[in-house]
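Summary of structural features
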Amino acid sequence: SEWSPPQFGDVTLPPNTRSILKQSGTGTLGIVTIPDSSELIFDDQDLELNVHGIDVQGKLTIGSPTCRISSSITITLHGDRLNDVVTNIPDPSVKGISVTGEISLHGQRFYRTWTRLAKTVQAGED
């Protein structure tokens, strides 16, 4: 089913659903929760999602290994980052993405920007 984000507030996707985000949100949401039986899929078009946090208990999908996203997907996290976030793990209501499920991100493939040398180059050599 298609999911149109509301303008504000916390959102929990319905259980046992695959929801497709096809349009950008117009406001800043609180926490978006993806239940363990659900999946949120981003459509392959330019999209923006403004949230305080995302709680991924189920699956968040942007592209796939065989169908990579070529559009610009922007997820902006709003709020303050706690100073002790590494040593004192906050609950999902704090700015960030909490994952107990699965995130699958597949964007454009970038190829190497370096070349192989015919021989070893020593430091200072031209």
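Residues numbered from 1 in each chain as written. Predicted model: local features only at pLDDT ≥ 70, side-chain atom pairs only at ≥ 80, totals over all residues. Heavy atoms only, no water.

Take the side chain of Thr61 next. Note that Thr61 resides in strand β7 (residues 59-62). The exposure class assigned to Thr61 is buried, which follows from its relative accessible area of 10%. Looking at Thr61, its side chain comes within polar contact range of the side chain of Glu39, at 2.6 Å. What Thr61 contacts, discounting residues up to four positions off in sequence, is Glu39, Leu40, Ile41, Phe42 and Ser104. (Helix = DSSP H or I, 4+ residues; strand = E, 2+ residues; numbered from the N terminus. Buried < 20%, exposed > 50% of the residue type's maximum accessible area, 1.4 Å probe, protein only. Polar contact = N/O pair within 3.5 Å; in protein donor to acceptor, adjacent residues only side chain to side chain. Contact = heavy atoms within 4.5 Å.)

Residues Trp3, Leu29, Ile34, Leu40 and Phe42 are the most contacted members of the largest nonpolar core, which totals 17 residues. Taken together, the elements giving at least two residues each to this core come down to β4 (28-34), β5 (39-42), β6 (47-56) and β7. In terms of residues, this core owes the most to one element, β6, which gives 5 residues. Among residues more than four places away in sequence, those in contact with Trp3 are Val11, Leu13, Ser19, Ile20, Leu21, Lys22, Leu29, Val32 and Leu40. (Core = buried A, V, L, I, M, F, W, Y, C linked by side-chain atoms within 4.5 Å.)

Across the sheet, which stays open at both edges, the 5 strands sit in the order β1-β3-β5-β7-β10 with parallel pairing between neighbours. Taken across any chain shown, the strands that pair with only one partner, and hence form the sheet edges, are β1 (2-3) and β10 (102-105). Alignment of β7 against β10, held across 4 bridges, turns out to be parallel. The residue of β10 that forms the bridge with Lys59 is Glu102. (Pairing = 2+ DSSP bridges.)

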